[in-house]
Number of protein chains: 2
Amino acid sequence: MIQVDQALSIIAQNSAKMPVKKIKVGKALGYVLAETIYSPIDMPPFRQSAMDGYAFVHTDLNTLSVVSSSQAGDYQNIKLSKDQAVRIFTGAYVPDDADTVVMQEHTTATGNAVVIDKFPAPFANIRKQGEQIQKGQLVLEKNTIITAAAIGFFACLGITLIKVYSKPKVAILVTGNELVRPGKKLAKGKIFESNSVMLQAALKEVGIKKPTIFRVKDSLKATTKIIESCLTQFDILLISGGISVGDYDFVKEALLQNGVEELFYKINQKPGKPLFFGKKDKQLVFALPGNPASSLTCFYVYALPALKKRLGFTDIHLPKMNRKITSAFHNNTAKTLFLKGFYNDETVTVLESQSSAMLNTFAVANCFIYIPHTVENVAQQQEIQIIPFS
Amino acid sequence: MIQVDQALSIIAQNSAKMPVKKIKVGKALGYVLAETIYSPIDMPPFRQSAMDGYAFVHTDLNTLSVVSSSQAGDYQNIKLSKDQAVRIFTGAYVPDDADTVVMQEHTTATGNAVVIDKFPAPFANIRKQGEQIQKGQLVLEKNTIITAAAIGFFACLGITLIKVYSKPKVAILVTGNELVRPGKKLAKGKIFESNSVMLQAALKEVGIKKPTIFRVKDSLKATTKIIESCLTQFDILLISGGISVGDYDFVKEALLQNGVEELFYKINQKPGKPLFFGKKDKQLVFALPGNPASSLTCFYVYALPALKKRLGFTDIHLPKMNRKITSAFHNNTAKTLFLKGFYNDETVTVLESQSSAMLNTFAVANCFIYIPHTVENVAQQQEIQIIPFS
């Protein structure tokens, strides 16, 4: 049995980044960049007008004849003499001969001429080519998480394909003779199986969309066989149930028979003590407790960091914040507790039911309250650490 | 021109919840529950053993003959006399005749008999039927956001279909003659169009997966026509560009010609001043500025709350937190500023480039820094409000 921090550190050490692949920028949300990107173009790619107004050669003539008009998207490289101007709009190409744009509010248009009422400084109101970024300059560094803003940034530079760490293929293996799928008739002695759909949703929250779900009865032979098959096809295997020490808990033995290296088994925590983490080559296996609330707690605290590491994230662990607890709390377990809580701007409250079997509290909580195994008493209003659900 | 708070309040008042629909529990992540759900079953549905051990009728006999064995999922309602026991495992059906389970660690098995070394209290180690939730009891209230935990909770009670607020159908309409799609050749005077793919990604972050993207040239007739068509098919229309007051900005006129009621136009803020918000029946229209950084800022600050309100969320606005600013800041604009910043546990730093055209800073920022229009000077280390990107 190990402590929570040791378990997290073992997970970080043993989770390798996924292979790199190229994807379309439009599909890249939530991936991590696996290359440093430099700009293929100057931006803006040409001298742009920053205003609606008139482009001209800076001069002291205050009446100019308007020889053409240029809106954004046009390319009319009009030759201009000193007494001429081009009507121009924001974003439009500034003719090579012009060096200044006067904003329309500082002019008076009269027929084919324009009178400049207030002269701008020379070179005013023109965005220089490459003013925002030049060809060859850094766009985004390797290991940047790709957000909507990053996608927009790539697109405006004409970048359409980027290298990212691919997403792991995940399998969920559900064990337990007692389990019946929701929607079917519940025979005596059976309960509804909820972990597969719950873990599937939790995976979706980090962008893993279609895990493959397998189910197996409580049999060593069948469990060994299906694990063997999963290990050849998936990068991460999440197993639900069968990991305690009962006569019908075959998961650990089946994993070891398949050559999965045990990296830890059992953590000094509540809920979720009987968690197994192992690997075979780069494939990772989490055998999660069967109780739904324990299973989901272990998923968030342990499997999620492994997933994020594989996806290329640098910060992989759940973020913590401090809040004042609304009532005193006694931890007589000498275990680290992950309690379901509800926090606001200043305080956090321990929710009433903390059953590891039921998800009723989990479904309305907005954080875990983290009580280290070394802490026995927490006083009312004491600052403690919470892990917000995002 | 209105202030930021007024704009947010107008959006909240004018965004109606979407119609209710039934969906499968497994698909419900991120939706908001549109009905209060009560449990259709007792959970556990029968008396379950909480331990691996022996079920028996509480007695003072300490040697019992073991007449059967019951693992989780079995249903063997064995008749038991006072001197008999059933070998039983965690989660298994406790025979109706038994009232107590002794854990196996407190027994010695000898052939077909078991000796109880340490007697449990009567009724120990049995989870009562309905102990966690009873048929008819509250599961989750209307307006609860559906998380992975909620999905697991529904599933374990056998609930397969629930009523939620449907997701709005969203269209993105991109305007601008100067725009070329990334991947195509960039002719002189043109720039790459990035807002559609950026807004598409931002929508995906809130679970709106497939917005329909339309593009239109700068023409009043074409713009009016495409807006007319969008208003009949979509619940929310996001328009990019064409909303300033230039000769080629036709969006506002086209909206008014289509009977869209103007709810506000222009906000006293930077970036993103020329934002238009309107509605026609329940359809909402946001005409976002064309500059990518302004566009994305307006999306997060204004369009996202409207989307969340339509989706049934109760808390719709971006959450704020306090941090100490690392350097003094002067706001000489009398506008509310949404600056790109980077925060850690204690402080926040204003990032260097705040251009409304470029996304370089946005792509590496992790928050907006919110400087109200009434604030002119912020001292170094002063606490200010930030809006973290989740």
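Residues numbered from 1 in each chain as written. Chains lettered and ligands numbered in written order. Predicted model: local features only at pLDDT ≥ 70, side-chain atom pairs only at ≥ 80, totals over all residues. Heavy atoms only, no water.

S.K.: Explain the packing of helix 3 (residues 195–205) of chain B against helix 6 (residues 292–311) of chain B to me, please; I cannot follow it from the model alone.
M.R.: Residue and element names in this part refer to chain B. Close contact between helix 3 and helix 6 brings their axes to 11 Å; oriented N to C, the two are set at 30°. In terms of crossing hand, the pair formed by helix 3 and helix 6 is right-handed. Each of Asn195, Met198, Leu199, Ala202, Leu203 and Glu205 in helix 3 lies in contact with helix 6, whose residues at this interface are Pro292, Ser295, Leu296, Phe299, Tyr300 and Leu307. Class assignment of the residues belonging to the contact of helix 3 with helix 6 gives a composition of nine nonpolar, two polar and one charged. (Axes fitted to C-alpha atoms, helices over the stretch in contact; angles between N-to-C directions. Helix = DSSP H or I, 4+ residues; strand = E, 2+ residues; numbered from the N terminus. Left-handed = near helix turned anticlockwise from the far one by under 90°. Contact = heavy atoms within 4.5 Å. Nonpolar A, V, L, I, M, F, W, Y, C, P; charged D, E, K, R; others polar.)

S.K.: Which parts of the structure should I look at to understand the environment of Gln137(A)?
M.R.: Residue and element names in this part refer to chain A. Structurally, the position occupied by glutamine 137 is in the loop between strand 10 (126–127) and strand 11 (138–140). Each C-alpha atom, one on glutamine 137 and one on proline 40, is 8.5 Å from the other, the two residues being 97 residues apart in sequence. Once residues lying within four places of it in the same chain are set aside, the contact partners of glutamine 137 are Ile37, Tyr38 and Ser39. Looking at glutamine 137, its side chain comes within polar contact range of the main-chain nitrogen of glutamine 134, at 2.9 Å. (Polar contact = N/O pair within 3.5 Å; in protein donor to acceptor, adjacent residues only side chain to side chain.)

S.K.: So what exactly am I meant to see when it comes to the interface of chain A and chain B here?
M.R.: For interface size, the figure often reported is the accessible area lost on association. With 66 residues of chain A at the contact, the number on the chain B side is 66 residues. Across the chain A/chain B interface, buried area totals approximately 5500 Å², and carbon plus sulfur atoms make up 68% of it. At the boundary of chain A and chain B, one finds two salt bridges. Here Asp247(B) and Arg87(A) are joined by a salt bridge, their closest N and O atoms 3.6 Å apart. (Buried area = accessible area lost by both parts, 1.4 Å probe. Salt bridge = Lys/Arg side-chain N within 4 Å of Asp/Glu carboxyl O.)

S.K.: Help me understand a positive patch on the surface, please; the structure alone is not making it clear to me.
M.R.: Where like charges cluster on the molecular surface, the positive patch consists of Lys24(A), Lys27(A), Lys204(A), Lys209(A), Lys210(A), Lys24(B), Lys27(B), Lys204(B), Lys209(B) and Lys210(B). Position of Lys204(B) relative to the elements: it lies in helix 3. Judged by its relative accessible area of 31%, Lys204(B) is partly exposed. (Patch = residues over 30% accessible without salt bridge, like charges linked within 9 Å, V, L, I, M, F, W, Y side chains within 5 Å. Areas by Shrake-Rupley, 256 points an atom, 1.4 Å probe, with all protein chains shown as cover. Lys, Arg positive; Asp, Glu negative; His and termini not counted. Charge placed at Lys NZ, Arg CZ, Asp CG, Glu CD. Buried < 20%, exposed > 50% of the residue type's maximum accessible area, 1.4 Å probe, protein only.)

S.K.: Sorry, what's going on with the domain arrangement of chain A here?
M.R.: Residues and elements named next belong to chain A. Each domain of chain A was delimited in the assignment, giving domain 1 (4–18 + 167–311), domain 2 (20–41 + 136–165), domain 3 (48–127) and domain 4 (321–388). With centres defined by C-alpha atoms, the gap from domain 1 to domain 2 works out at 33 Å. Taken together, the five residues of domain 1 in the interface contact five residues of domain 2. The largest share of the area that domain 1 buries against domain 2 comes from Lys17, Lys167 and Leu311, three residues that together contribute 81% of it. (Domains from an automatic or database assignment.)

S.K.: Sorry if this is basic, but what is going on with helix 2 (residues 148–156) of chain B here?
M.R.: Helical geometry note: an α-helix holds 3.6 residues per turn, so side chains three or four residues apart project in the same direction. The buried fraction of helix 2 of chain B amounts to nine of the nine residues, a majority that puts the element mostly inside the structure. Among the residues of helix 2 of chain B, Ala148(B), Ala149(B), Ala150(B), Ile151(B), Gly152(B), Phe153(B), Phe154(B), Ala155(B) and Cys156(B) are the ones counted as buried. Residues of helix 2 of chain B that are buried sit in contact with strand 15 (191–192), helix 3 (195–205) and helix 6 (292–311) of chain A together with strand 2 (37–38), strand 11 (138–140) and strand 12 (161–165) of chain B.

S.K.: How should I be thinking about the relation of the copies chain A and chain B in this particular structure?
M.R.: Between the two copies of this chain, the relationship is a rotation about some axis together with a displacement along it. Of the two same-sequence chains, chain A is brought onto chain B (RMSD 0.1 Å, axial shift 0.0 Å) by a rotation of 180°. Given the turn and translation reported, the copies of this chain are related as if by a two-fold rotation axis. Relative to the rotation axis, the closest C-alpha in chain A is found at Ser390(A), a distance of 3.5 Å. Most of the interface of chain A is mirrored in chain B, where 100% of its interface residues again form contacts. (Least-squares fit on C-alpha atoms with pLDDT ≥ 70 in both.)

S.K.: Would you explain the sheet that holds strand 8 (residues 107–110) of chain B in this entry?
M.R.: By way of backbone hydrogen bonds, the strands of a sheet pair with one another, either parallel or antiparallel. All names here are of chain B. Strand order in this open sheet of six strands is 7-4-6-5-9-8, and the pairing throughout is mixed. Across the chains shown, the open sheet's two edge strands, defined by having one partner strand only, are strand 7 (100–103) and strand 8. Taking the axes of each pair of neighbouring strands and ignoring which way they run, one obtains an average angle of 35° across the sheet. Looking at chain direction, strand 5 (residues 63–70) and strand 9 (residues 113–116) are connected through three bridges and run antiparallel. Directly across from serine 65, in strand 9, lies its bridge partner alanine 113. (Pairing = 2+ DSSP bridges.)

S.K.: Mind showing me how you'd approach the UniProt feature "domain: MoaB/Mog" (unreviewed entry) in chain A here?
M.R.: In the UniProt entry, the feature "domain: MoaB/Mog" (unreviewed entry) is given for residues 171–309 of chain A. Helix makes up 36% of residues 171–309 of chain A and strand makes up 27%, while its end C-alpha atoms are separated by 17 Å. (UniProt positions renumbered as here; feature names shortened; annotations may be inferred.)

S.K.: What should I look at first to understand the packing of helix 1 (residues 4–14) of chain A against helix 6 of chain A in this one?
M.R.: Packed helix pairs are characterised by how far apart their axes lie and by the angle those axes make with each other. All names here are of chain A. One way to put it is that helix 1 packs onto helix 6 with a least axis distance of 9 Å and a crossing angle of 25°. Regarding the angle of helix 1 to helix 6, the classification is roughly parallel. Once helix 1 is placed against helix 6, the crossing between them reads as right-handed. Between helix 1 and helix 6, the contacting residues are Val4, Ala7, Leu8, Ile11 and Ala12 on the first element and Val301, Tyr302, Ala306 and Lys309 on the second. Classifying every residue of the contact of helix 1 with helix 6 gives eight nonpolar, no polar and one charged. (Parallel < 35°, antiparallel > 145°, perpendicular 65-115°, else oblique.)

S.K.: What is the right way to look at the sheet that holds strand 4 (residues 53–56) of chain A in this model?
M.R.: All names here are of chain A. Pairing is mixed across the open sheet formed by six strands, whose spatial order is 7-4-6-5-9-8. Single-partner strands in this sheet number two, and they are strand 7 (100–103) and strand 8 (107–110). Strand-to-strand twist of the sheet, defined as the mean angle between neighbouring strand axes without regard to direction, takes the value 35°. The pairing of strand 8 with strand 9 (residues 113–116) spans four bridges and is classified as antiparallel. Bridge assignment links threonine 107 to a residue of strand 9, and that residue is isoleucine 116.

S.K.: What should I look at first to understand the pairing of strand 20 (residues 276–280) of chain A in this one?
M.R.: The two faces of the sheet receive side chains in turn, since in a regular strand these alternate between them. Residue and element names in this part refer to chain A. The pairing of strand 18 (residues 261–265) with strand 20 spans four bridges and is antiparallel. Following the sheet pairing, tyrosine 265 is matched in strand 20 by phenylalanine 276. In this sheet, strand 21 (residues 283–288) lies alongside strand 20 in antiparallel orientation, the contact comprising five bridges. Looking at the pairing, lysine 279 lines up with leucine 284 of strand 21. Once strand 20 ends, the chain turns through two residues before running back antiparallel as strand 21, passing aspartate 281 with a positive phi of about 50°.

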